[in-house]
Amino acid sequence: MLEKTFNPQDAEPKIAKKWEELGLFAAQPQSNKPPFCIVIPPPNVTGVLHMGHALNYSMQDLLCRYKRLKGFDVLWQPGLDHAGIATQIVVERVLAKDGISRHDLGREKFVERVWQWKEESGGQIVKQLKALGASADWSRERFTMDEGLSKAVRKVFVKMYKDGLIYKDKRLVNWDSKLQTAVSDLEVIQKETVGKMWYMNYPVEGMADTFITVATTRPETFFGDTAVAVSAEDERYKHLIGKNVVLPIINRPIPIIADEHADPEKGTGAVKITPAHDFNDFEVGKRHNLEMINILDVHAKLNENVPVDFQGLTTMEARALVLKKIEELGLLVKIEDNPMTIPYGDRTGVVIEPYLTDQWFVDTTEIGRQALEAVEQGKVNVYPENMKNTYYEWMRNLQPWCISRQLWWGHQVPVWYGPDGEIFCEETEELAKQEAKKHYGKEVSLRRDTDVLDTWFSSGLWAFSTLGWPDAESIYLKKYYPTSVLVTAFDIIFFWVARMMMMSLYNMKEIPFKDICFHGLVRDEKGQKMSKSKNNGIDPLEMIRKYGADALRMSLLVQAGSGRDVLIGDSRVEAYRNFTTKIWNAARFAEMNGATVAKDFDPAKVKLPLNAWVITKLSEAEKTISKAIDTYSINEASQSIYHFIWGTFCDWYLEMSKPIFYGDNEAAKIETRSTMAYIFEKMITLLHPFMPFITEELWADTGKRDNMLMASIWPDLAAFEDNEASSKIDWAIELIGSVRSLRAEMGISASAKISLKIQDADEKQKQLIQSLTDVIHFMAKIESIEFVNEHVKGSVSTVYDGIIIMIPLDGLIDVAKEKERLNKEMDNLKGFIERSKAQLANEAFVSKAPEKVINERKKALTEAGENLTKLQEAYKRLADL
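A brief look at the structure comes next. (Residues numbered from 1 in each chain as written. Predicted model: local features only at pLDDT ≥ 70, side-chain atom pairs only at ≥ 80, totals over all residues. Heavy atoms only, no water.)

### Structural notes on the overall build of the protein
Looking only at helices and strands, the protein features 29 helices and 29 strands. When the backbone C-alpha atoms are referred to their principal axes, the protein occupies close to 105 × 70 × 55 Å. Out of the 881 residues in the protein, the part that is buried amounts to 53%. Long-range contacts, defined as pairs at least 24 residues apart, comprise 77% of the intrachain contacts of the protein with a sequence gap of at least 6. Here the protein has roughly 40,400 Å² of accessible surface; of this, 48% comes from carbon and sulfur atoms. Both charge centroids of the protein, one from 111 positive and one from 127 negative side chains, sit 2 Å from each other. (Helix = DSSP H or I, 4+ residues; strand = E, 2+ residues; numbered from the N terminus. Buried < 20%, exposed > 50% of the residue type's maximum accessible area, 1.4 Å probe, protein only. Contact = heavy atoms within 4.5 Å. Areas by Shrake-Rupley, 256 points an atom, 1.4 Å probe, with all protein chains shown as cover. Lys, Arg positive; Asp, Glu negative; His and termini not counted. Charge placed at Lys NZ, Arg CZ, Asp CG, Glu CD.)

Structure representation (structure tokens):
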């Protein structure tokens, strides 16, 4: 006997433990089953489960569970990312509590402490993913710093270096002065603010009282100016191209150059070029072979390349002093407010500086072209397809990829330097020494490069390194590579997706995955990005504690389509907790009515139209769900199973079965009990990939079965479809719906029994109504049905499929009071419509209100108009009596 309610807090941990103990998540590489493989986007070892993870891993788990039920050998390859910066910061904070810095320990001891922290405290997110129901093959969990993956990283780096694809260069990078390392764009937060734009005059050399006015938001960087750029088409400056301006304060002449970077329509049309401190200026500097003067040190303070008075100042201190001296020279023209964005380190909060420094880079020209062509030529399918354009935009505008970081935690660059700086790039120090001996003719002392690699470098190898590469004989590599699909958020399309494509095509000569499924970002219920400052973050673990993992998963999956953002909040998750309650209650109803599958039950031989209808509807739902999952339209699949269970099965089938159970036809009862149990079993199988816990619990509690649900078989019901029977019940449902709508419009009590008069029904329609009389009576609360030849006085009517449906109102409602109620509701709606139209016609409101508010108001206005029309029709019916 089923418990009265389903308690996810008790059931979910037990079910998850049993799945894992039975090894149901494990891949079976020796089997003859076709392979299906997903490599998990590795979460940071420091990470905790957030809503983005919950969406991403719920989608992956759905695909894996679906494919297992479909008979595939599934490998969902899990693992963790060593998260260079994030992990180093965490461990440094732990050390700081004891008054110790990493420099006190030294590199080797510090790295030992990081490994110790990883073993003791890292990977909490794995436990949290298991709570979500993630069915990854946890026995194969990998770590980007484990020995196998580290070997792969060294091997690929050395190969790329020797192929000329990795090189060292002095270029601009994002510099975090607190961490004293280069960082990726993903680790930079752009914050909007209103700053200042300063307009300064630069004197033209040899031309008295002639100036070029430049505008800048960073006057402190002018010591690094090496040119002023103007447009070759700008009449104001054409005659000055080729001359020099003189930098104030330091009196250094710099050239006036013609470059497309200068826009005559923006500012003064003249741009100061500081190649060592601005990414656009760096490109201008390369085009014109300009000197690149770095004026900052690693702490973002002004260095020896500026006058003594400015050395050692912070950028803000230097800005104030520069402006003071420029103003004293009479060269400050004006100051304006300037809306702008300033880059900050996402983990340190310091301003990120464009900084000229020696770093290791990957030449992405050729490997980027291959990755671009793989998608252009259809070797890799992209879902939704419009994300191809974003991918193309990235891949057609590639820059050299900076892969070095000035950290201690990470894969240390496998490069050693000889006494004269000669580079030896090998997989081990022993090999580097051998090459050095060949080069110098004797043994020499080598110094290893201190940089570590960007985390995205090792992540870029994830699709093949986790499967055993560089072991070419790995059974996992042979069977599961290339993998089946990558599921990821669109915001890391370049940081991870493109790099996996480039690195895999270069190293494996084959695509890393056949499909890419992009999903949107998770936002709060108002559509706002979750952040600490807004205090609108939602903890998925708290949602699981309150409502269960199934409810959280379904609330996310039902929105996961076409790359759109997903909105989440308590009310949405609670709604799907109510869905689990609906399913549980349906199971209890079936149990209380003795629903079990008879031994000789054959779904192809059911006689009752109701039972044939529900089997057909489930078959149609299965087709829709399978097609949607196969094309990664996860929202469509989720909505299909949801609507089948809540609407078709619970609201219609179970309710329409009651007259059968309350009746005297034993054969009909037996068939309906078998059908109900059969449908319920197949239904929870279809639901399992979406809501694995409650379905597994019901599978165990509603019958004696030899295996767990996740190890069963996806149902195929196409052979049992009965479209004729199905159309009869569909017709009856529409008839019942018409009667219910008419009752509601007239304000007839839901419990009141009514008599129904039907006019203009043909013989076929009469027979159908008569054959389903019990169901129609029960579902529409009808006392009697009479076929008539003319309009019945004192009745209201509606039309369905050519027949006139009439309800005599005598004794059901007070017509005068009902007309009064309708008038009041119509007046309220008219007032709302007038106010809304006036608001939307108000330019001041429209120009200031967020787009979301405008759209909501328009939607409410449309709905109000539709409701007003319905009320007017109801009023007319009463007026016509």
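Next comes the rest of the write-up.
### Let's talk about the side chain of K67
Secondary-structure assignment places K67 in helix 2 (residues 51-69). In this structure K67 is buried but unpaired, with D630 as the nearest side chain of opposite charge at 4.1 Å. For K67, the contacting residues outside a window of four places in its chain are F36, F72, V74 and D630. (Salt bridge = Lys/Arg side-chain N within 4 Å of Asp/Glu carboxyl O.)

### What about the nonpolar core?
In terms of nonpolar packing, the biggest core is built from 225 residues, with L63, F157, M160, F457, F649 and F690 touching the most fellow members. When residues of this core are assigned to their parent elements, the largest contribution, 14 residues, is made by helix 21 (residues 634-662). Apart from residues no more than four positions distant in its own chain, F649 is found in contact with A586, V614, F644, L654, M676, I679, F680 and M683. With 33 residues, the next largest nonpolar core counts V228, V245, L296 and F310 among its residues. (Core = buried A, V, L, I, M, F, W, Y, C linked by side-chain atoms within 4.5 Å.)

### A closer look at the environment of P414
In this fold, P414 is placed in the loop between strand 17 (404-405) and strand 18 (415-417). Between the alpha carbons of P414 and V153 there is a distance of 9.4 Å; along the sequence they are 261 residues apart. With residues up to four places along the chain from it excluded, the contact list for P414 reads R154, F157, V158, F424, C425, E426 and R448.

### Notes on the pattern of salt bridges
Close approach of charged atoms allows side chains with opposite charge to pair. Scanning the model with the defined rule gives 53 salt bridges in all. In this structure, the salt-bridge partner of R65 is D61, at a minimum N-O distance of 2.7 Å. Of this pair, R65 and D61 both sit in helix 2, separated by four residues, roughly a single helical turn. Considered together, R65 and D61 belong to a single accessibility category, that of buried residues. One salt bridge in this structure joins K168 and D449, with 3.5 Å as the shortest N-O distance.

### Side note on the packing of aromatic side chains
If you walk through the whole model with that rule in mind, you get 32 aromatic pairs. On the basis of an interplanar angle of 45 degrees and a centroid distance of 6.2 Å, the ring pair of F649 and F680 is categorised as tilted. Of this pair, F649 sits in helix 21 while F680 sits in helix 22 (residues 666-687); the two residues are 31 residues apart in sequence, bridging distant segments of the chain. The burial state of F649 is the same as that of F680; both residues are buried. (Phe/Tyr/Trp six-rings, centres within 6.5 Å; stacked < 30°, edge-to-face > 60°.)

### Observations regarding the pairing of strand 23 (residues 513-519)
Burial of strand 23 is extensive: six of the seven residues sit out of reach of the surface. As paired elements, strand 15 (residues 381-383) and strand 23 share three bridges and run parallel to each other. Residue N381 lies in a different strand from strand 23, and its bridge partner there is D515. Pairing analysis gives six bridges linking strand 22 (residues 483-489) to strand 23, with the strands arranged parallel. Within strand 23, the residue paired with L486 across the bridge is I516. Considered for its hand, the β-α-β crossover made up of strand 22, helix 16 (residues 493-508) and strand 23 is right-handed. (Pairing = 2+ DSSP bridges. Right-handed = clockwise from strand over helix to strand, strands pointing away.)

### Structural notes on helix 25 (residues 763-771)
The α-helix winds at 3.6 residues per turn, so residues separated by three or four positions along the chain end up facing the same way. Looking at helix 25, one finds that the buried residues are Q765, L768 and I769. All buried residues of helix 25 fall inside an arc of 95 degrees around its axis, so they share one side. Looking at helix 25, the residues exposed on the side facing more than 90 degrees away from the buried face are E763, Q767 and S771. Elements in contact with the buried residues of helix 25: helix 24 (723-745), strand 26 (754-759), helix 26 (773-780), strand 27 (782-788) and strand 29 (803-808). (Arc of directions from axis to C-beta.)

### Remarks on the pairing of strand 5 (residues 166-176)
As defined by bridge partners, strand 5 adjoins strand 14 (residues 352-362) across eleven bridges and the pair is classed as antiparallel. Each bridged residue has a counterpart across the sheet, and for R171 the counterpart in strand 14 is T357. In this sheet, strand 6 (residues 181-183) lies alongside strand 5 in antiparallel orientation, the contact comprising three bridges. Looking across to strand 6, one finds that N174 is bridged to V183. Taken together, strand 5 and the strand that follows it, strand 6, pair antiparallel across an intervening segment of four residues, in which Q180 is found at a positive phi of about 55 degrees.

### Focus: the sheet that holds strand 9 (residues 227-230)
Note: strands within a sheet are paired through backbone hydrogen bonds, in either parallel or antiparallel orientation. If you trace the four strands from one edge of the open sheet to the other, you get 10-11-9-12, paired in mixed fashion. The open sheet is flanked by strand 10 (244-247) and strand 12 (270-273), the only strands paired with a single partner. Going across the sheet, the axis of each strand differs from the next one's by a mean of 30 degrees, ignoring polarity. Sheet topology places strand 9 next to strand 12; four bridges connect them, and they run antiparallel. Considered in strand 12, the bridge of V228 is made with K272. (Axes fitted to C-alpha atoms, helices over the stretch in contact; angles between N-to-C directions.)

### A look at the environment of K852
The topology assignment puts K852 in helix 29 (residues 851-879). Spatially, the C-alpha atom of K852 lies 57 Å from that of W416, the residues being 436 residues apart in sequence. The contacts of K852, once residues within four sequence positions are left out, are E525, K526 and G527.

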